[in-house]
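Report on the structure
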Amino acid sequence: MSTLQDHADAGLNLLRADTALTVYDGAVTGTADHYVLVYTFRNLPGGEQAPDKTPLTGDTATVDMRFYCHCVGVDAIASRAIQARVQAALLDVTPAVAGRACFPIRWVEGTQVDRNEETLSAVFDAVDVYSLVSVPG
Amino acid sequence: MPKVIFDDHELKAFTRDLERAARIMPAEAAKVVAKAAVNIKKDARRRVSGLKHAPAYPFSITFDDVQRTGTYAKTEVGPDKDKRQGALGNILEYGSVHNHPHPHLAPAAEAEEPRFARAMDALAAKALER
């Protein structure tokens, strides 16, 4: 299993540990009316962006896995409730990834709760982006 | 009666240096901010180019004229909703229930941050050395 998949699993498994939370990875594959849909996006910051985490050789050593958490519900209250569960599962938690030293997961940015205006999608959605940074360890 | 003499000519010279730097910095800092905005705009456009359903979106990413006072210089980089496909910014940056994200604005800003910090450091040093 790749290191990147390990990082994705580290965040997803924290969410899945909350048995009251329906977690979808990359696509909505069920019929739940409130859930968190997670998209991952990985950065590989080099020496310029992460000088304190880059060895003197200049080799890229840092993984910054971003979790785009779409907190979805039938109304704004449900959406916020999902946001709270996601926050409780991820924020400031330090997960374990084999062969890596992880930093606590931090919140990076987010959007307000808003109605998803896409066709055939009358749900409320709020996005929170969390970051899991690790270095070899 | 012993006398104590304080030689403050270096302090006064430094004060003059700071006053001179404070006069030139706002205009010079605005140039650095504008350059960073150009870099972020170009990088964000590059990162989000080539999307089949959003061919016009990259061209909606612009930045405002730099506003400045004596203490700050600022601008805003992002999609202009009045331009074609400019309203897609949120969906593309964060994704949606049906579409995965194409992060481009935040990564472009993060990539520029260390270059911007270095440019501001260099500007401050230059302003004090004149």
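What counts, and where the lines are drawn
- Residues numbered from 1 in each chain as written.
- Chains lettered and ligands numbered in written order.
- Predicted model: local features only at pLDDT ≥ 70, side-chain atom pairs only at ≥ 80, totals over all residues.
- Heavy atoms only, no water.
- Helix = DSSP H or I, 4+ residues; strand = E, 2+ residues; numbered from the N terminus.
- Rg over C-alpha atoms; globule rule 2.2 N^0.38 Å.
- Buried < 20%, exposed > 50% of the residue type's maximum accessible area, 1.4 Å probe, protein only.
- Contact = heavy atoms within 4.5 Å.
- Areas by Shrake-Rupley, 256 points an atom, 1.4 Å probe, with all protein chains shown as cover.
- Buried area = accessible area lost by both parts, 1.4 Å probe.
- Salt bridge = Lys/Arg side-chain N within 4 Å of Asp/Glu carboxyl O.
- Polar contact = N/O pair within 3.5 Å; in protein donor to acceptor, adjacent residues only side chain to side chain.
- Nonpolar A, V, L, I, M, F, W, Y, C, P; charged D, E, K, R; others polar.
- pLDDT = per-residue confidence, 0-100.
- Expected span 1.5 Å × (residues − 1).
- Pairing = 2+ DSSP bridges.
- Bend = angle between axes of the 7 residues up to and from the residue.

1. Points about the overall build of chain B
Summing up its helical and strand segments, chain B has three helices and four strands in all. Relative to a compact globule of 130 residues, whose C-alpha radius of gyration would be 14 Å, chain B shows 22 Å and is clearly more extended. Considered along the principal axes of its C-alpha atoms, chain B spans approximately 85 × 25 × 20 Å. The buried share among the 130 residues of chain B stands at 32%. Sequence-distant contacts, at least 24 apart, represent 60% of the contacts inside chain B between residues at least 6 apart. A total of about 8600 Å² of accessible surface is found on chain B, and carbon and sulfur atoms cover 55% of it.

2. Comments concerning the interface of chain A and chain B
The interface of chain A with chain B comprises 25 residues on the first partner and 18 residues on the second. Counting the surface chain A buries against chain B, the share from its top three residues, A:Y39, A:E48 and A:E118, is 33%. In this structure, the connection of chain A to chain B is made through three salt bridges. Salt-bridge contacts for B:E110 lead to A:R66; the nearest nitrogen and oxygen are separated by 3.1 Å. Inspection of the chain A/chain B interface yields seven residue pairs in polar contact (both at pLDDT 80 or more). Where the side of chain A that touches chain B is concerned, the elements lending two or more residues are β2 (35–43), β3 (63–73), β5 (106–110) and β7 (124–136) of chain A. Among the elements that take part in the side of chain A that touches chain B, β2(A) stands out by supplying five residues, more than any other. Here the side of chain A that touches chain B is built from residues that sort into twelve nonpolar, eight polar and five charged.

3. Points about the confidence of the model for chain B
Residues and elements named next belong to chain B. Per-residue confidence for chain B averages 93 on the pLDDT scale, and 99% of its residues sit at or above 70. Ranking the elements of chain B by mean pLDDT puts strand β2 (residues 67–68) last, at 90, and strand β4 (residues 77–79) first, at 97. Under the prediction, the complex receives an ipTM of 0.88, its pTM being 0.88.

4. Observations concerning helix α1 (residues 3–16) of chain A
Residue and element names in this part refer to chain A. Here α1 contains 14 residues, and its C-alpha end-to-end distance of 19 Å stays within 8% of the 20 Å for a straight helix at 1.5 Å per residue. For α1, every residue scored as buried is listed here: H7, A8, D9, A10, G11, L12 and L15. Where α1 is buried, its residues meet β1 (23–25), β2, β3, α2 (76–90), β4 (100–102) and β7.

5. Digging into the pairing of β2(A)
Residue and element names in this part refer to chain A. Two strands pair when backbone bridges link them, and β1 and β2 are joined in this way by three bridges, in the parallel orientation. Within the sheet, the bridge partner assigned to Y24 lies in β2 and is L37. Pairing between β2 and β3: nine bridges, direction antiparallel. Among the inter-strand pairings, N43 is bridged to a residue of β3, identified as D64.

6. Comments concerning helix α3 (residues 105–129) of chain B
Over its 25 residues, α3(B) extends 35 Å from the first C-alpha to the last, a length consistent with the 36 Å expected when each residue adds 1.5 Å. By the largest-angle criterion, B:E113 marks the main kink of α3(B), which is about 35 degrees, and a proline, B:P114, follows within four residues. If you check which residues of α3(B) are buried, you get B:L105, B:A106, B:P107, B:A108, B:A111, B:E112, B:P114, B:L123 and B:A127. Contact partners of the buried residues in α3(B): β2 and β5 of chain A together with α1 (9–47), β1 (61–63), β4 and α2 (89–94) of chain B.

7. Some points on the pattern of salt bridges
According to the stated counting rule, one finds 13 salt bridges over all chains in the structure shown. Measuring nitrogen to oxygen at the nearest pair gives 2.7 Å for the salt bridge that ties A:D18 to A:R85. With A:D18 in the loop between α1 and β1 and A:R85 in helix α2, this pair connects stretches of sequence that are 67 residues apart. A single salt-bridge network, built from bridges that share partners, covers A:E48, B:E112, B:R115 and B:R118.

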